[in-house]
Amino acid sequence: MSRFPEIALAAALAALCLSGPAYAGDPAAGEQVFKRCKACHAVGDGAKHRVGPELNELIGRTAGTAEGYRYSSAMEKAGAGGLAWNAETLAKFLDDPKGMVKGTKMSFAGLKKPADIDNVIAYVATFSKPSEAMDAAPKPEDKKTEAAPTEPKEESARAEPVKPAVAAAPAGEGGGLNYHLGRTATAGEIAAWDIDVRPDGVGLPDGSGTVAQGEKLFDAQCSSCHGDFGEAVGRWPVLAGGQGTLKDDRPVKTVGSYWPYLSTVYDYIRRAMPFGNARSLSDDDVYALTAYVLYLNDIVTEEDFELSKANFGTIEMPNAQNFIADDRAEEPQYLANKNNPCMTDCIAGVAKITMHAEVLDVTPDVQDGDDKKPSAGIE
Amino acid sequence: MVERSGNGQSRRGFLKAGLAGGAALAGSLAAGRVLAADDPAITQIQDWNRYSGDGVDAHPYGMPSPFEKDAVRRNVAWLTADPVSSVNFTPLHKLDGIITPNGLCFERHHGGAAVVDPAKHRLMINGLVEKPLVFTMDDLRRFPRVNKIYFLECAANSGMEWRGSQLNGCQFTHGMVHCVMYTGVLLKDILAEAGVKPAGKWVLAEGADSAAMTRSIPMEKALDDCMVAFAMNGEALRVEQGYPVRLVVPGFEGNMWVKWLRRLEVGDEPWEQREETSKYTDLLANGKARHFTWAMDVKSVITNPSPQAPITHGKGRLVLTGLAWSGNGTVARVDISTDGGRNWKPARIDGPSLPMALHRFYYEMDWDGSEMFLQSRAMDEKGFVQPTKQQLRAVRGANSIYHNNGIQTWYVDTNGAAENVEIS
């Protein structure tokens, strides 16, 4: 942005302010929406490419042209064919990325609410040069959605009682057993949140999905982080392989080599994946993806294998038998000197250094992608 | 084996940077010496002595002195693929006492720090209960309240140090721990409000963040001392610590202290969630893995001196200090060795000694300027003595990752610089 002369910038900003918001959306609300993009995109000062390209100076940019980022050929072709990013093209793309740019590797299902789309565009546009941003802005009359209402700021120091969004039931009616607090949860509310699945199958929804269906979903929504075969891109988690390595010096713990229960795979994908877009998969999708993860781990071998609520319990995980109870309290180093720490001449000879810290310059300015990676990361 | 980075130069740079300021000071201000010239800090009138400072309200929420800008959380970028599922570390070497300031409590999120609107936050309790209930934040504040000081330690604290010394600073080796006073209500009161059915043996706690973090808590613990907390150190929880409400599971690994707590489900079996199978299980050398390793073992670390906080005043009087804690209760004693564990002397625990809270210890000594291999070793009220890292590796192998409570060694050279080492 420093390329832009300061005076011109000030003028453009002034113009922007005078002419009111150039975007249908609200950038502040858009910042919240952008959290869903953050897993893959950075924007703002010092933004770097991540899973997806950085989004500074996006407005006016030809699709697929951020320097140093490796796009899919689909995105490059779209750019070569004249696709440039402005409020309109972005709205279309963010509504249905794969619908608009067939074959894009952006594993993102799209934003469902039009207001979210407008808001996130308004937010991203604040990191683009104002003049172009303004040219690209849709005229107020082609706003197809209402801007999110902005809440008036309260300046009063006196606290007003805040009305809860849902009226609390009066005491005694439906409240708890002792203090009559809270209210009875409805069946619909419980169904909305209670999605956990246990090893004995309690909590599994109706539905099914095949390995072949799972492969399509995985390629589109998971492989950008977990790799085409679950082998992982960069430091994202590995999902497949590693069987037989648990006693090795460098064990590889994956669904196939380590996880004791299949229910955990279903439960976790449904609650937390794809990363940054949780709870977006249908129950059938999750069956298909679970089947595909089994396939990537050679636990099922047929592409037409169908996983369903009915046959879920028949799958045995290879490492199921290798989990044991916590017996740390019985370990020899604790039993040997319990209540009785040694005070003098505890070790013979003088101390000699056998190992120095491996990474000595850990400072906050250690750059991403610095390859001084140590032998063990955080799990 | 550990691969060495072989970056000797940056190492020297690091040590020098730590010492430069201190060495000069030590030369001119060493105790008892007569100065050649008057100290300008006294003879010159300082700006703050002449000009008025800011009025009230310059900072409606007060911040530390600008001279304390290094007392910040730090992360280590290469540890994880993404800062949204990552960790940063408490600057233990910058702190004293037993309470961690709210803004310095380490962060560990699995789907980023959720910013939850308390007016739209609900806590549901369902499963094997007489009456499934939904509470608003206002409802929660109408239960009897308790105030408790507890440490929270991530099970992976010191996990990078399993195979050998890696990171140079107690912030990085031990900084996934903090200790604050929680205000909230007892989990058992909330469970009783819904009425736990006799078959209910487990509680699943679930967060409202994008990881929908879940852990199975045994009913015995849930009914013992767990809390549902909405304040820390007197103010609302910080966003990074689960605002508006989190679970407190005293003495147990941090991952169980579900943040942004939105649901409690009572069941007759554990749920075997990802965070209690794929993660937070401890792989042993024989390929078996320990499961449900909840309690945090007895542990301690010397925070000063340490690699980020070298001795800058030269020989003579030295205050050595650090922290000790145990998931089993209080810390009964802490001993200090300056010769790498050959001989030990008791340290002095100062400040409150509370169960499952950090304990502050001091060891005052005269330093003769020779090399030291500093170690601290805690023993808790149940008699468990902190082991060496060699002992842990001998029993558990090199890939256990979690629950590393091994004794930490800082090598202090004759200049006062400290380094993270392992010794024979």
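Sequence positions are assigned chain by chain, starting from 1 and proceeding in written order. Following the order in which they are written, the chains are lettered starting with A and the ligands numbered starting with 1. Reporting in this predicted model follows two pLDDT cut-offs: at least 70 for local features of residues, and 80 or more for side-chain atom pairs to be given and counted; totals over whole chains, interfaces and linings ignore these cut-offs and use all residues. Side-chain numbers come from the whole structure's heavy atoms, not from hydrogens or water.

**Looking at the packing of helix 2 (residues 27-38) of chain A against helix 6 (residues 114-125) of chain A**
All names here are of chain A.
Point 1. In this description, a line fitted to the C-alpha atoms serves as the axis of each element, helices being fitted only across the stretch in contact, and the angle between N-to-C directions of two axes falls anywhere from 0 to 180 degrees. Strands are runs of DSSP state E lasting at least 2 residues, helices are runs of H or I lasting at least 4, and numbering of each runs from the N terminus. It is the contact of helix 2 with helix 6, at a shortest axis distance of 7 Å, that shows an interaxial angle of 95°. Relative to helix 6, helix 2 is oriented roughly perpendicular. Contact residues: P27, A29, G30, E31, V33, F34, R36 and C37 in helix 2; D116, N119, V120, A122, Y123 and V124 in helix 6.
Point 2. Polarity classes work like this: nonpolar for Ala, Val, Leu, Ile, Met, Phe, Trp, Tyr, Cys and Pro, charged for Asp, Glu, Lys and Arg, and polar for all others, with Gly in that last group. Of the residues belonging to the contact of helix 2 with helix 6, the class tally is 9 nonpolar, 2 polar and 3 charged. Orientation is classified from the angle alone, with under 35 degrees giving roughly parallel, over 145 giving roughly antiparallel, 65 to 115 giving roughly perpendicular, and any other angle giving oblique. Note on definitions: a residue-residue contact is assigned when non-hydrogen atoms from the two residues lie within 4.5 Å.

**Let's talk about the side chain of B:S165**
Point 1. Within the fold, B:S165 resides in the loop between strand 5 (145-153) and helix 5 (170-174).
Point 2. Three labels apply to residues, based on accessible area from a 1.4 Å probe with only protein chains included: buried if under 20% of the type maximum, exposed if over 50%, partly exposed otherwise in between. For B:S165, a relative accessible area of 0% puts it in the buried group.
Point 3. Among the polar contacts listed, one links the side chain of B:S165 to the backbone oxygen of A:M355, at a separation of 3.3 Å.
Point 4. Polar contacts involving the side chain of B:S165 include one to the main-chain amide nitrogen of B:E422, which spans 3.5 Å. The definition of a polar contact used here is a pair of N or O atoms within 3.5 Å, where within protein one atom must be able to donate a hydrogen and the other to accept one, and adjacent residues in sequence count solely through side-chain atom pairs.

**Description of the domain arrangement of chain A**
Residue and element names in this part refer to chain A.
Point 1. Per the domain assignment, the segments making up chain A are domain 1 (5-155) and domain 2 (208-322).
Point 2. Between domain 1 and domain 2, the contact holds 8 residues from the first and 9 residues from the second.
Point 3. Summed over both partners, the accessible area lost on bringing two parts together, with a 1.4 Å probe, is the buried area. Between domain 1 and domain 2 lies a buried interface of about 760 Å² when both sides are counted; carbon and sulfur atoms form 57% of it.
Point 4. Taken as a group, A39, V51 and S107 account for 53% of the area that domain 1 buries against domain 2, more than any other trio of residues on that side.
Point 5. In what follows, salt bridge is the name for a side-chain nitrogen of Lys or Arg lying within 4 Å of a carboxyl oxygen of Asp or Glu. Run the count over domain 1 and domain 2 and you get 0 salt bridges.
Point 6. Here domain 1 and domain 2 share 3 residue pairs in polar contact (both at pLDDT 80 or more) between them. As annotated, the domain borders come from an automatic or database domain assignment.

**Considerations on the sheet that holds strand 22 (residues 409-412) of chain B**
Backbone hydrogen bonds hold the strands of a sheet together, and the pairing may be parallel or antiparallel.
Point 1. Should DSSP find at least two bridges between two strands, the strands are taken to pair. The 6 strands lie next to each other as 5(A)-23(B)-22(B)-21(B)-17(B)-18(B), forming an open sheet whose pairing is antiparallel. Two strands close off the open sheet at either side, each with one partner strand: strand 5 (353-356) of chain A together with strand 18 (345-346) of chain B.
Point 2. Both strand 17 (residues 331-337) of chain B and strand 21 (residues 372-380) of chain B contribute to a ladder of 6 bridges, which runs antiparallel. Looking at the pairing, B:V334 lines up with B:A378 of strand 21 of chain B.

**Considerations on the domain arrangement of chain B**
Accessible area lost on assembly of the parts is the figure often given for the size of an interface.
All names here are of chain B.
Point 1. Taken domain by domain, chain B consists of domain 1 (123-290) and domain 2 (299-423).
Point 2. The distance between the C-alpha centroids of domain 1 and domain 2 comes to 28 Å.
Point 3. Every contact between the two is made by 38 residues of domain 1 and, on the other side, 34 residues of domain 2.
Point 4. Between domain 1 and domain 2 the total buried area reaches about 3000 Å² when both faces are included, carbon and sulfur atoms providing 57% of it.
Point 5. Interface area lost by domain 1 to domain 2 is led by F151, W162 and H174, which between them contribute 26%.

**Let's talk about the interface of chain A and chain B**
Point 1. The partner chain B presents 123 residues to the 97 residues of chain A that form the contact.
Point 2. Summed over both partners, the interface of chain A with chain B buries about 9900 Å², with 56% contributed by carbon and sulfur atoms.
Point 3. For the pair chain A and chain B, the number of links is 9 salt bridges.
Point 4. A:D249 serves as the salt-bridge partner of B:R163, at 3.4 Å between the closest nitrogen and oxygen.
Point 5. Where chain A meets chain B, there are 49 residue pairs in polar contact (both at pLDDT 80 or more).

**Focus on the pattern of salt bridges**
Point 1. Scanning the model with the defined rule gives 35 salt bridges over all chains in all.
Point 2. Linking A:E331 and B:R396 is a salt bridge whose minimum nitrogen-to-oxygen distance equals 2.8 Å. In this pair, A:E331 is assigned in the loop between strand 4 (323-324) and helix 13 (332-336) and B:R396 in helix 8 (residues 389-396), connecting two distinct chains.
Point 3. With a relative accessible area of 1%, B:R396 lands in the buried category.
Point 4. For B:R333, the salt bridge goes to B:D335, with nearest N and O atoms at 2.9 Å.
Point 5. Looking at B:D335, the relative accessible area reads 1%, which means it is buried.
Point 6. The network of salt bridges with common partners includes A:D194, A:D196, A:D267, A:R271, B:E206, B:R262, B:R263 and B:E265.

**Quick word on helix 12 (residues 283-296) of chain A**
Residue and element names in this part refer to chain A.
Point 1. The span one expects for a helix is its residue count, reduced by one, times 1.5 Å. Relative to the 20 Å expected for 14 residues at 1.5 Å per residue, helix 12 spans 20 Å between its end C-alpha atoms, a close match to the ideal helical length.
Point 2. Of all the 14 residues making up helix 12, 10 are buried; the element is thus mostly covered by neighbouring parts of the structure.
Point 3. When helix 12 is considered as a whole, its buried residues turn out to be V286, Y287, A288, L289, T290, A291, Y292, V293, L294 and L296.
Point 4. Among the residues trailing helix 12, D298 stands out with phi positive, at a value near 60°.

**Quick notes on the environment of B:S210**
Point 1. Within the secondary structure, B:S210 is located in the loop between strand 7 (202-207) and strand 8 (214-218).
Point 2. Judged by its relative accessible area of 36%, B:S210 falls in the partly exposed class.
Point 3. Setting aside chain neighbours within four positions, we find B:S210 in contact with A:R271, A:A272, A:A278 and B:G111.
Point 4. Engagement of the side chain of B:S210 in a polar contact is seen with the backbone oxygen of B:G111, the distance being 3.0 Å.

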